[in-house]
Amino acid sequence: MKILLKISILFAFATTSYAGLVNAISVIINNEPITLYEIYKYSNKYHISTKKALDILIRQKLEDAEIKKFHIQASDFEVDNYIKKLATKNGISEFQFLQMLKDKNIKESEYRKDVKKKIEQEKLYSKIFSLKNIKVTKEDAKKYYENNKNQFQRAQSFKVVAYESPSRDSLEKIKQNPMLSMPDVKAKQVKFQAQNMDQKLEALLDETKVGDFTPAFKMGNGYTMFYVKQKQGVETVAFDSVKNNILSFLSSKKEKSAIDDYFEKIKSVANIKVLRKPNG
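All figures in this text were calculated on a predicted structure; none of them were measured in a lab.

About the cut-offs
- Residues numbered from 1 in each chain as written.
- Predicted model: local features only at pLDDT ≥ 70, side-chain atom pairs only at ≥ 80, totals over all residues.
- Heavy atoms only, no water.
- Helix = DSSP H or I, 4+ residues; strand = E, 2+ residues; numbered from the N terminus.
- Buried < 20%, exposed > 50% of the residue type's maximum accessible area, 1.4 Å probe, protein only.
- Pairing = 2+ DSSP bridges.
- Axes fitted to C-alpha atoms, helices over the stretch in contact; angles between N-to-C directions.
- Contact = heavy atoms within 4.5 Å.

Next up on the list: unusual backbone geometry. Note on backbone geometry: most residues besides glycine have negative phi, and most peptide bonds are trans. Here the phi dihedral of Asn-30 falls at roughly 50 degrees; this positive angle occurs in a residue that is not glycine. Note that Asn-30 resides in the loop between β1 (25-29) and β2 (32-35). Look at Asn-30 and you get partly exposed, because its relative accessible area is 39%. With a phi angle near 70 degrees, Asn-31 is a residue other than glycine that sits in the positive phi range.

Shown next, in the form of structure tokens:
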């Protein structure tokens, strides 16, 4: 009985010690703590390394500080509007969207908190980009177009092999070894005419080189993947038709670069103390 009691005490002590360690502070950045628990939780949630999780959490702390610095806020009206637009984009009502969250065991209050933070982040990014005073001109777009004309080629028709399976993993195995025979994968020859196609699928096939596979994507109750055998009637789209898309792409690219550079500079002068490094 005494032995069992000792074992119980040791087990309780070990459990308490472990809990204390997990909840211990890992890093302090500008007097803001990040615990080991936060790092492991983020790492497990997004299936990334603890190092990557820590880098993201540090970036979040820096962003939070800048949001406070610029007095950036998101109102309840903005949150409501964001959710309404997202519901409309998905072809459902706001009520149906919120019900979908409930079905996935996502609390509305937590979701609204995440949306609020996202809106504030977007406002912060716009603020930083405007401070940098970076502009993308028509000449920039024209230069990109001339150097990347292969990206603006459109085919009139496509000959493909369509692979369907209830398992994404099975399609990935086919992609690694096309000669592989998988019992749960069905393959068939298909020819698409661009004028009759869904625009997203057309864009996907245009972007995929002849002799390559598209990524596997959800369709119906399973997954679909295409192998592009041939493209016919390939033409290069005129610059004026894609100018606005190029300007938007280059603007987003420069914005990301400017924002990353901004936070790298802030991080380089931040007061960061590493107390405990996470494992993994």
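Our focus in this paragraph is the sheet that holds strand β7 (residues 222-232). Strand order in the open sheet formed by 4 strands is β5-β4-β7-β6, with antiparallel pairing between adjacent strands. Edge positions in the sheet fall to β5 (186-193) and β6 (217-219), since each has one partner strand and no second. Across this sheet, the average inter-strand angle for adjacent strands is 40 degrees, counted without regard to direction. Where strand β4 (residues 157-165) lies against β5, 8 bridges are found, and the strand directions are antiparallel. Its bridge partner lying in β5, Val-160 is registered against Val-190. Sitting on the sheet, helix α8 (residues 168-176) touches β4 and β7, and the angle it makes with β7 is about 30 degrees.

With respect to the helices and strands, Ser-109 occurs in helix α6 (residues 108-132). Taking relative accessible area as the criterion, Ser-109 reaches 48% and is therefore assigned partly exposed. Residues Ser-109 and Phe-97, 12 residues apart in the sequence, show an inter-C-alpha distance of 14 Å.

Within the open sheet, the 3 strands sit side by side as β2-β1-β9. Their pairing is antiparallel. Of all strands in the sheet, those with a lone pairing partner are β2 and β9 (272-274), marking the two edges. Along the sheet, successive strands turn relative to each other by an average axial angle of 20 degrees, direction set aside. The pairing of β1 with β9 spans 3 bridges and is classified as antiparallel. Bridging from a neighbouring strand, Ile-29 pairs with Ile-272 of β9. Its contacts with the sheet put helix α2 (residues 36-46) on β1 and β2, and the angle it makes with β2 is roughly 55 degrees. Against the sheet, helix α3 (residues 50-69) touches β1 and β2, its axis set at about 155 degrees to β2.

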